[in-house]
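Structural features, examined
Spelled out from the first residue to the last, the chains are:
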Amino acid sequence: MAHLASNLAVVSPSIFIPSPGGGGGASKGPNSGKLRVREHPNHGVYVEGLTVVAVSDYTEVGQLMALGGRARTVASTNMNDTSSRSHAIFTVSVFSFRA
């Protein structure tokens, strides 16, 4: 069985991959703002250039999710001091293979 995970953030109008090192929105991956949403006729919608990581347990999934959380873009509003200015999409795909 294989488990694959990806993490991305959408800060209008850009899509970026959160990367380690720093926090609070300044930590954007090398493809920051360069990723594009595409549609394949057979496979559906996908993000071109999105890094997909193999994960083997819940700890690794949690670490990847925490990385994205630290890279969130936030700002103060009248209703919420730490309002999110981005939308995160975290995807886990599970594949099963027959021997």
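Up top you'll find the structure we're talking about.
A few points on the structure. Residue numbers restart at each chain and count upward from 1, following the sequence in its written direction. With the structure being a predicted model, the display of local features is reserved for residues of pLDDT at least 70 and the display and counting of side-chain atom pairs for 80 or more, all residues being used for whole-chain, interface and lining totals. The basis for the side-chain values is all heavy atoms of the structure; hydrogens and waters are excluded.

1. Some details on the nonpolar core
Buried Ala, Val, Leu, Ile, Met, Phe, Trp, Tyr and Cys residues form a nonpolar core when they are joined through side-chain atoms within 4.5 Å. Only protein chains enter the area calculation, which uses a 1.4 Å probe; residues under 20% of their type maximum are buried, those over 50% are exposed, and those in between are partly exposed. Of all hydrophobic cores here, the largest spans five residues; its members are A5, V55, V61, L64 and L67. Numbering goes from the N terminus for both helices and strands, where a helix is a DSSP run of H or I of at least four residues and a strand is a run of E of at least two. The biggest single contributor to this core is helix α1 (residues 58-70), with three residues. We call two residues in contact whenever any of their non-hydrogen atoms come within 4.5 Å of each other. Residues within four places of V61 in sequence aside, it is in contact with V55 and F90.

2. With respect to the pattern of salt bridges
Salt-bridge detection follows one rule: a side-chain nitrogen of Lys or Arg within 4 Å of a carboxyl oxygen of Asp or Glu. If you walk through the whole model with that rule in mind, you get one salt bridge. In this structure, the salt-bridge partner of R38 is E48, at a minimum N-O distance of 3.5 Å. In this pair, R38 is assigned in strand β3 (residues 36-40) and E48 in strand β4 (residues 44-48), connecting sequence segments 10 residues apart. Accessibility expressed as a relative area gives 30% for R38, which makes it partly exposed.

3. Topic: the environment of H3
Its place among the elements puts H3 in strand β1 (residues 2-11). For H3, a relative accessible area of 28% puts it in the partly exposed group. In this structure the C-alpha to C-alpha distance between H3 and F95, which are 92 residues apart in sequence, comes to 6.4 Å. Filtering out sequence-adjacent residues up to four positions away, H3 remains in contact with V53, A54, V55, S93 and V94.

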